[in-house]
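# Chains, contacts and geometry: an overview
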Amino acid sequence: MAHLEPHNARDRILVAASTLFCRQGFAATGIDTVIDAANTAKATLYKHFPSKQQLIEAVLDAEGETWRAWFFGRLAKVQAPANERMLAVFGVLQDWFSDPGFYGCPFINAVAEFESSNGAVRKAAEKHKSHLITWLTAQAIEQGLPDPKETTRTFVVLIDGAIVAAQHTRDPSFARTARRLAECHLRDVSRKD
């Protein structure tokens, strides 16, 4: 997967914070740890990110943009019918899960860590997820499935479940398991048509 590349002090801070937040958690990672990892001064960090909350939001924004560009870029290369494009999601996920830098989805992790107490984190996660939901819904509509919304919901559950399972077990094959379940769903809904 493509990773954030540091070009200046702000980027170095974002890369360091992203790595630390994903590996250690948002709450468990202190600003001093980020400063040390970014090899920057405290004043420089606060110049770019006046609070830890703003740093968290910037990390989620950057992680989301980078991941979506990589993920949807990979899916754009799949020249196949819509049902195969939908199923290709799981192959892309397996590649992500196999990356040594895979520590789960920063959005799933952040929402779990902050629960509902952080509206900005929840909003960032919803924005990120909306891209996937829109893409999946478009594929389901193109297939002429009877209930595109339900198919999208099923795929989201399978995708998020595979991400969490792969994160906890360090086993990328959960993507294949999710794909098999997605295939069953597509066969079932196609029969009802």
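Rules used throughout
Residues numbered from 1 in each chain as written. Predicted model: local features only at pLDDT ≥ 70, side-chain atom pairs only at ≥ 80, totals over all residues. Heavy atoms only, no water. UniProt positions renumbered as here; feature names shortened; annotations may be inferred. Helix = DSSP H or I, 4+ residues; strand = E, 2+ residues; numbered from the N terminus. Expected span 1.5 Å × (residues − 1). Buried < 20%, exposed > 50% of the residue type's maximum accessible area, 1.4 Å probe, protein only. 1 Å grid on protein atoms, 1.4 Å probe; cavity = no way out; pocket = protein on both sides within 12 Å on 5 of 7 lines; lining within 4 Å. Points joined across faces, edges and corners; volume = space filled by probe spheres on them. Nonpolar A, V, L, I, M, F, W, Y, C, P; charged D, E, K, R; others polar. Phe/Tyr/Trp six-rings, centres within 6.5 Å; stacked < 30°, edge-to-face > 60°. Lys NZ or Arg CZ within 6 Å of the ring centre and 35° of its normal.

An unreviewed UniProt entry annotates the protein chain as TetR/AcrR family transcriptional regulator originating from Mesobacterium hydrothermale.

### Topic: the UniProt feature "DNA-binding region" (unreviewed entry) in the protein chain
Mapped onto this numbering, the UniProt entry gives "DNA-binding region" (unreviewed entry) at residues 30–49. In residues 30–49, helix accounts for 75% and strand for 0%; the two terminal C-alpha atoms are 14 Å from one another.

### Topic: helix 8 (residues 148–169)
Between its terminal C-alpha atoms helix 8 stretches 31 Å, which fits the 32 Å expected from 22 residues at 1.5 Å a residue. Within the span of helix 8, buried status applies to Thr151, Thr152, Thr154, Phe155, Val156, Leu158, Ile159, Ala162, Ile163, Ala165, Ala166 and Gln167. Backbone geometry just after helix 8 places Arg170 at a positive phi near 60 degrees.

### Brief notes about the layout of surface pockets
Leftover empty space is mapped by rolling, across the atoms, a probe with the size of a water molecule. Volume-wise, the second largest pocket comes out at about 240 Å³. Taken together, 15 residues form the lining of the second largest pocket, with Phe107, Ile108, Ala125, Lys129 and Asp160 sitting closest to its centre. With six residues, helix 7 (residues 119–143) is the single largest residue contributor to the lining of the second largest pocket. The residue inventory of the lining of the second largest pocket, partitioned by class, reads 10 nonpolar, one polar and four charged.

### Thoughts on the packing of aromatic side chains
The final tally for this structure, using the stated rule, is 10 aromatic pairs. Each ring, one from Trp96 and one from Phe97, has its centre 5.9 Å from the other, and the planes form 35 degrees; the classification is tilted. Here Trp96 falls in the buried class, since its relative accessible area comes to 7%. Phe97 gets classed as buried once you look at its relative accessible area, which sits at 5%. Between Phe97 and Phe102 the ring centres are 5.0 Å apart and the planes differ by 45 degrees, which places this aromatic pair in the tilted class. Following the ring pairs from residue to residue traces out a cluster consisting of Trp67, Phe71, Phe72, Trp96, Phe97, Phe102 and Trp135. Arg170 extends its terminal NZ or CZ atom over the ring of Tyr103, reaching a point 5.3 Å from the ring centre.

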